[in-house]
There are 2 protein chains.
Amino acid sequence: MKLPRKVKLVEVGPRDGLQNEKQFVSTAVKVELINRLSAAGFPNVEAASFVSPKWVPQMADGSDVMQAIHRRRGTIYSALTPNMKGLEAALAARVDEVVIFGAASEAFSRKNINCSIAESMERFRPVARAAKDAGLRVRGALSCAFGCPYQGDVPVASVVSVAQMFDELGCDEIDIADTIGVGTAAQVGTVFDAVTRVIDGSRLSGHFHDTYGQALANILAALETGITIFHASVAGLGGCPYAKGATGNVATEDVLYLLDGLGIETGVDLAAVVAAGDFISTALDRPNGSRAGKALLAKAAA
Amino acid sequence: MKLPRKVKLVEVGPRDGLQNEKQFVSTAVKVELINRLSAAGFPNVEAASFVSPKWVPQMADGSDVMQAIHRRRGTIYSALTPNMKGLEAALAARVDEVVIFGAASEAFSRKNINCSIAESMERFRPVARAAKDAGLRVRGALSCAFGCPYQGDVPVASVVSVAQMFDELGCDEIDIADTIGVGTAAQVGTVFDAVTRVIDGSRLSGHFHDTYGQALANILAALETGITIFHASVAGLGGCPYAKGATGNVATEDVLYLLDGLGIETGVDLAAVVAAGDFISTALDRPNGSRAGKALLAKAAA
């Protein structure tokens, strides 16, 4: 097995996770969660979303959150910015990186953001340009790269093509996301091999969901193709909106347990992440969605 | 990724799974579960345990279960036999394969079966011999191959040595088990590489627990070392006795989803396994422990 020596782990729980939890989470709890994750050593925390509170009420307090958190040197704080208004708010909140998004599936693009893939990219063009002009990093989140809840199969050529569009918009990093968690390890190899033919693998991240229990096997497969950036959500925050009661984002604790076991350096402290997962699960009164987290908490309590 | 074309999937839910569930399961439910699993196409179902009902009351009805099930041609029915008395009961019940067991950890052996590893092997010698004389297959279950709840680390040399003892006792198949689910993918490579140096890999199986969420990544790593036999438990039956509330056996549905996705032939029908997992979870009024199972059931209900 040929594996990278270092991995950048991006913690998406405070944004991608909490946005998909049913309950609204108070600003104070969000701030405490982000501070704990920063202290655990993450090089990148997805912290806020500057979208219309009409569409995503869970994230309405993005500016307050960014204002209140303790900024750790060495951590990049990212925020979703769907349009110029969002970008302005993100700039005012002094985020380090903005996230724009698009799907590899036409059906998903139309259902989710009500326009074609090509149109969505044109809408993001001024956002990406203004962000770059302001000196921010830009990340492109490419959803449905392994399957779509509406159209089913997604051609690998679409993934490659949308990745190229993000590249052309100036994205520093492109997230290849299995939004509904249907991909398996061989497909991970196929998709990443295809995308790395046109974009350097060091700029690609793997964003896997554990809906079918495949996330860690997929991460292992991606590591073997040379991918070195992965997204994960503490305590597995964020359910799956396409299968009620099913799991969404892979739990950070499980990913970190794997990476630690493989001897891959992340700079993130597992015990601190487990404690953060326990904090947020308790605060939300929800079951902890991390298997490693639960096992380590049970062991500590024994 | 170099992967095998075919895998033998051993369903251990009715024995290893139910034995570790808190509640007693009626004979009728056990029989229905085994019949459903046989019909789903498993080449091997672990169906009973002929141990003292004083120690394992959950399995006291082994003879009745074996008597009542429908025997599918092509399915091997296995039972645990800790001693000659158990073997006699297994022979009377006409099982196809008996399972003897031993740990790679001295501390676990002493705590669990109250004798050293070497002594445990000597105790099993007459059982294995009598089983072979009666024309049965014999399987050796090697626990704590990746770590021990009592001593922590387990030397690879101990795993190799116990595997050789099982080989010497005449075992047809030897299960390399991560009893507490602590192993990660690199370790899987190390352990299987070491054991296959002394025993042909075609006779080794991987028995993984999902306690730390690592099971599918570990199975992928084992597949890459050429292992072609894996154990799994429908609906993830069987908790982890060493970490309260944590997960034990990897869920069969998740493993099968992986293997199907990799294009690896098993002869087992995923939809039938998902239905069996739903049946037993409902019968026991417990949450379904399979992520793929839950996702597919949610999708079907939508």
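Residues numbered from 1 in each chain as written. Chains lettered and ligands numbered in written order. Predicted model: local features only at pLDDT ≥ 70, side-chain atom pairs only at ≥ 80, totals over all residues. Heavy atoms only, no water.

An unreviewed UniProt entry lists chain A under the name hydroxymethylglutaryl-CoA lyase, from Pararobbsia alpina. The UniProt entry for chain A carries this comment under Sequence similarities (unreviewed entry): "Belongs to the HMG-CoA lyase family." UniProt lists a comment for chain A under the heading Pathway (unreviewed entry), and it reads "Metabolic intermediate metabolism; (S)-3-hydroxy-3-methylglutaryl-CoA degradation; acetoacetate from (S)-3-hydroxy-3-methylglutaryl-CoA: step 1/1." (UniProt positions renumbered as here; feature names shortened; annotations may be inferred.)

**Some remarks on the overall build of chain A**
The number of helices and strands found in chain A is twelve helices and eight strands. A globule of 302 residues ought to have a C-alpha radius of gyration of about 19 Å, and chain A, at 18 Å, matches this closely. Counting only contacts in chain A whose residues sit at least 6 apart along the sequence, the fraction spanning at least 24 positions is 75%. When the accessible surface of chain A is summed, it comes to about 11200 Å², and 51% of that surface belongs to carbon and sulfur atoms. Mean positive and mean negative side-chain charge positions of chain A (29 and 32 charges, respectively) differ by 2 Å. (Helix = DSSP H or I, 4+ residues; strand = E, 2+ residues; numbered from the N terminus. Rg over C-alpha atoms; globule rule 2.2 N^0.38 Å. Contact = heavy atoms within 4.5 Å. Areas by Shrake-Rupley, 256 points an atom, 1.4 Å probe, with all protein chains shown as cover. Lys, Arg positive; Asp, Glu negative; His and termini not counted. Charge placed at Lys NZ, Arg CZ, Asp CG, Glu CD.)

**Here's the deal with the UniProt feature "domain: Pyruvate carboxyltransferase" (unreviewed entry) in chain A**
Mapped onto this numbering, the UniProt entry gives "domain: Pyruvate carboxyltransferase" (unreviewed entry) at residues 7–274 of chain A. With 42% helix and 16% strand, residues 7–274 of chain A has its two end C-alpha atoms placed 19 Å apart.

**Re the interface of chain A and chain B**
Listed as interface residues are 33 residues of chain A and, on the opposing side, 33 residues of chain B. At the boundary of chain A with chain B, total buried surface from both sides reaches about 2800 Å², with 60% on carbon and sulfur atoms. Here chain A is connected to chain B by two salt bridges. Put simply, chain A and chain B have six residue pairs in polar contact (both at pLDDT 80 or more) between them. Elements supplying a minimum of two residues to the side of chain A that touches chain B: helix 8 (185–196), helix 9 (215–224), helix 10 (252–261) and helix 12 (291–301) of chain A. The element that contributes the greatest number of residues to the side of chain A that touches chain B is helix 12 of chain A, accounting for seven residues. Class assignment of the residues belonging to the side of chain A that touches chain B gives a composition of 18 nonpolar, eight polar and seven charged. (Buried area = accessible area lost by both parts, 1.4 Å probe. Salt bridge = Lys/Arg side-chain N within 4 Å of Asp/Glu carboxyl O. Polar contact = N/O pair within 3.5 Å; in protein donor to acceptor, adjacent residues only side chain to side chain. Nonpolar A, V, L, I, M, F, W, Y, C, P; charged D, E, K, R; others polar.)

**Considering the pattern of salt bridges**
Residue and element names in this part refer to chain A. If you walk through the whole model with that rule in mind, you get 34 salt bridges over all chains. A salt bridge links Glu-21 to Arg-286; its shortest N-O distance comes to 3.0 Å. Placement of the pair is Glu-21 in the loop between helix 1 (13–19) and helix 2 (27–40) and Arg-286 in the loop between helix 11 (270–284) and helix 12, with a sequence separation of 265 residues. Of the two residues, Glu-21 and Arg-286, neither departs from the other in class, the shared state being buried. Among the salt bridges present, the one from Glu-32 reaches Arg-36, with a minimum N-O distance of 2.8 Å. (Buried < 20%, exposed > 50% of the residue type's maximum accessible area, 1.4 Å probe, protein only.)

**A look at the nonpolar core**
Ranked by internal contacts, the top residues of the largest apolar core, which has 209 residues, are A:Leu142, A:Ile176, B:Leu142 and B:Ile176. If near-sequence neighbours (up to four positions away) are discounted, B:Ile176 is found in contact with B:Leu142, B:Ala145, B:Phe146, B:Val159, B:Val191, B:Phe192, B:Val195, B:Leu204, B:Ser205, B:Gly206 and B:His207. (Core = buried A, V, L, I, M, F, W, Y, C linked by side-chain atoms within 4.5 Å.)

**Thoughts on empty space enclosed by the protein**
In total, this model carries one cavity of 30 Å³ or more according to the counting rule given. Of the voids in this model, the largest cavity is the one considered here, and its volume is about 90 Å³. Taken together, A:Asp210, A:Gly213, A:Leu216, A:Asp254, A:Arg291, B:Asp210, B:Gly213, B:Ala215, B:Leu216, B:Asp254 and B:Arg291 form the lining of the largest cavity. (1 Å grid on protein atoms, 1.4 Å probe; cavity = no way out; pocket = protein on both sides within 12 Å on 5 of 7 lines; lining within 4 Å. Points joined across faces, edges and corners; volume = space filled by probe spheres on them.)

**Let's talk about the sheet that holds strand 7 (residues 204–208) of chain B**
Residues and elements named next belong to chain B. Read once around its circumference, the closed barrel built from eight strands follows the order 1-2-3-4-5-6-7-8, with strand pairing classed as parallel. On average, each strand axis in the sheet is inclined to that of its neighbour by 30°, with strand direction left out of account. The sheet contact formed by strand 1 (residues 8–11) and strand 8 (residues 229–232) spans four bridges and is parallel. When the sheet's bridge partners are listed, Val-10 is paired in strand 8 with His-231. Against the sheet, helix 9 (residues 215–224) touches strand 6 (173–178), strand 7 and strand 8, its axis set at about 165° to strand 7. (Pairing = 2+ DSSP bridges. Axes fitted to C-alpha atoms, helices over the stretch in contact; angles between N-to-C directions.)

**Some words on the pairing of strand 7 (residues 204–208) of chain A**
Regular strands place side chains that alternate from one sheet face to the opposite one. Residue and element names in this part refer to chain A. Extensive coverage of strand 7 is indicated by the burial of five of its five residues. Side chains of strand 7 alternate between two faces, with Leu-204, Gly-206 and Phe-208 and Ser-205 and His-207 buried alike. In the sheet, strand 6 (residues 173–178) pairs with strand 7 via five bridges, with the strands oriented parallel. Looking at the pairing, Ile-174 lines up with Leu-204 of strand 7. Note on the crossover from strand 6 through helix 8 to strand 7: the handedness is right-handed. Inspection of the sheet shows strand 7 paired to strand 8 (residues 229–232) by three bridges, in the parallel sense. By the bridge assignment, His-207 is partnered in strand 8 with His-231. Regarding the hand of the β-α-β motif, the stretch spanning strand 7, helix 9 and strand 8 is right-handed. (Right-handed = clockwise from strand over helix to strand, strands pointing away.)

**Some points on the packing of aromatic side chains**
This structure, assessed with the given rule, holds eight aromatic pairs over all chains. When the centroid spacing of 4.6 Å and the interplanar angle of 25° are considered together, the rings of A:Tyr212 and B:Tyr257 count as stacked. On the criterion of chain membership, the pair formed by A:Tyr212 in the loop between strand 7 and helix 9 and B:Tyr257 in helix 10 (residues 252–261) is interchain, its members lying in two chains. You'll find A:Tyr212 and B:Tyr257 in the same group, each marked buried. Above the plane of the ring of A:Tyr150 lies A:Lys111, whose end atom (NZ or CZ) is 5.1 Å from the centre. (Phe/Tyr/Trp six-rings, centres within 6.5 Å; stacked < 30°, edge-to-face > 60°. Lys NZ or Arg CZ within 6 Å of the ring centre and 35° of its normal.)

**Considerations on the side chain of B:Ser49**
All names here are of chain B. Here Ser-49 is to be found in strand 2 (residues 44–49). Judged by its relative accessible area of 1%, Ser-49 falls in the buried class. Here Ser-49 is in contact with Arg-15, Gln-19, Met-59 and Leu-80, once residues within four sequence places are set aside.

**Brief notes about the relation of the copies chain A and chain B**
At an RMSD of 0.0 Å, chain A and chain B line up after a rotation of 180° and a shift of 0.0 Å along the axis. In short, the pair behaves as if placed about a two-fold rotation axis. By C-alpha distance to the rotation axis, the residue of chain A lying nearest is A:Ala217, at 2.0 Å. A shared interface surface links the copies, since 100% of the contact residues of chain A are contact residues in chain B too. (Least-squares fit on C-alpha atoms with pLDDT ≥ 70 in both.)

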